[in-house]
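Each chain, written out:
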Amino acid sequence: IGNASRQKGVHEVYAALKDEGFELVMSGARSDAGDLPVKFLRLERADYLLLLHACDAVICMSHLEEGWNRIAHEAMLCGTPVVGNGAGGMLELLQGGRQEVVRDPAALPGAIRKLLDHRADYAAAGRKFAEQFDLDYFRKSWIEAIDSLQIAHQR
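We now turn to the structure provided with this report. (Residues numbered from 1 in each chain as written. Predicted model: local features only at pLDDT ≥ 70, side-chain atom pairs only at ≥ 80, totals over all residues. Heavy atoms only, no water.)

**What about the overall build of the protein chain?**
Phase 1 of the analysis: The helix and strand tally for the protein chain stands at 7 helices and 5 strands.
Phase 2 of the analysis: Overall size of the protein chain, expressed as C-alpha extent along the three principal axes, is 60 × 35 × 30 Å.
Phase 3 of the analysis: With 155 residues in all, the protein chain has 40% of them scored as buried.
Phase 4 of the analysis: Across the protein chain, contacts joining residues at least 24 apart in sequence account for 54% of those joining residues at least 6 apart.
Phase 5 of the analysis: Surface exposure of the protein chain reaches about 9100 Å², of which carbon and sulfur atoms provide 52%. (Helix = DSSP H or I, 4+ residues; strand = E, 2+ residues; numbered from the N terminus. Buried < 20%, exposed > 50% of the residue type's maximum accessible area, 1.4 Å probe, protein only. Contact = heavy atoms within 4.5 Å. Areas by Shrake-Rupley, 256 points an atom, 1.4 Å probe, with all protein chains shown as cover.)

Quick look at the structure:
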């Protein structure tokens, strides 16, 4: 269920899924989720990536308007499908990778079951989209951004 933080929506995810029969796990450097009865794992990077590979799905229901959701992106790179609310830049990532976007936590059980029924399709689409964001992509994007600023400044 993502990062073990109240701001990342773990309480809402737990409330929506606690009776659905899923094994829920959250991770991070520390937990501020209080006494939430969900397994918390503090993992080194290599073990965190193994966790992403081992999960059937990753759920990202952040309340933060982040520029990009690293957990969703890394999960997609691992071939693990993602259900998320699309907060901030996550929406572009989820839509581009043809993952499930769910705004209301009450809709999570159905969205997760749909994703699991078509896991291979979601995994392939997510990985294909996420893989384009490599160092070459960002180098080219920064050059284009700087060039556009120079052109605008010359006008």
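Additional details are given in the paragraphs that follow.
**Quick look at the packing of aromatic side chains**
Phase 1 of the analysis: Summed over the entire model, instances satisfying the criterion amount to 5 aromatic pairs.
Phase 2 of the analysis: An angle of 85° between the planes, with centres 4.8 Å apart, marks the rings of F133 and Y137 as edge-to-face.
Phase 3 of the analysis: Of the residues examined, Y137 reaches a relative accessible area of 30% and is grouped as partly exposed.
Phase 4 of the analysis: Between the aromatic rings of Y137 and F138, the centroid separation amounts to 5.2 Å while the plane-to-plane angle is 90°, which identifies the pairing as edge-to-face.
Phase 5 of the analysis: Accessibility expressed as a relative area gives 38% for F138, which makes it partly exposed.
Phase 6 of the analysis: Feature note: the residues W68, F129, F133, Y137 and F138 constitute an aromatic cluster, connected by ring pairs. (Phe/Tyr/Trp six-rings, centres within 6.5 Å; stacked < 30°, edge-to-face > 60°.)

**As for the sheet that holds strand β3 (residues 58-60)**
Phase 1 of the analysis: Pairing within the open sheet is parallel, and its 3 strands lie in the order β3-β4-β5. Each edge of the sheet is formed by a strand with only one pairing partner; in this case those strands are β3 and β5 (100-101). (Pairing = 2+ DSSP bridges.)

**A short note on a nonpolar patch on the surface**
Phase 1 of the analysis: Taken together, Y137, F138, W142 and I146 make up a surface patch of nonpolar side chains, about 420 Å² in accessible area.
Phase 2 of the analysis: Mapped onto the fold, Y137 is located in helix α7 (residues 135-154). (Patch = residues over 30% accessible without salt bridge, like charges linked within 9 Å, V, L, I, M, F, W, Y side chains within 5 Å. Salt bridge = Lys/Arg side-chain N within 4 Å of Asp/Glu carboxyl O.)

**Here we look at the environment of G2**
Phase 1 of the analysis: Structurally, the position occupied by G2 is in the segment before α1 (10-17).
Phase 2 of the analysis: Aside from chain neighbours lying at most four places away, what touches G2 is V25, M26, S27, I59 and I71.

**Comments concerning the nonpolar core**
Phase 1 of the analysis: Counting 20 residues, the largest nonpolar core has I1, V13, L17, M26, I59, V83 and L108 as the members making the most contacts within it.
Phase 2 of the analysis: Among the secondary structure elements, those contributing two or more residues to this core are α1 and α5 (108-117).
Phase 3 of the analysis: Ignoring sequence-local partners within four residues, the contact set of L108 consists of V13, A16, L17, I59, M61, V83 and V102.
Phase 4 of the analysis: One finds A72, A75, F129 and F133 within the second-largest nonpolar core, a separate group that totals 17 residues. (Core = buried A, V, L, I, M, F, W, Y, C linked by side-chain atoms within 4.5 Å.)

**With respect to the pattern of salt bridges**
Phase 1 of the analysis: A full pass over the atoms with the stated rule returns 8 salt bridges.
Phase 2 of the analysis: Where K39 meets E23, a salt bridge forms, and the shortest distance between an N and an O atom there is 3.5 Å. Of this pair, K39 sits in strand β2 (residues 39-41) while E23 sits in the loop between α1 and β1 (25-27), and the two are 16 residues apart along the sequence.
Phase 3 of the analysis: A residue is classified by how much of its surface remains accessible, and E23, at 65% relative accessible area, is exposed.

**A short note on helix α3 (residues 70-77)**
Phase 1 of the analysis: Most of α3 is tucked away: 6 of the 8 residues are buried.
Phase 2 of the analysis: Turning to α3, its buried residues number three or more, namely I71, A72, H73, E74, A75 and M76.
Phase 3 of the analysis: In the core, the buried residues of α3 are packed alongside α2 (45-54), β3, β4 (82-84), α4 (90-96) and α6 (119-131).
Phase 4 of the analysis: Backbone nitrogen of I71 and a side-chain oxygen of the N-cap are separated by 3.2 Å at the start of α3; the cap is N69.
Phase 5 of the analysis: Remark: G79 follows α3 within two positions and exhibits a positive phi of approximately 80°. (Polar contact = N/O pair within 3.5 Å; in protein donor to acceptor, adjacent residues only side chain to side chain.)

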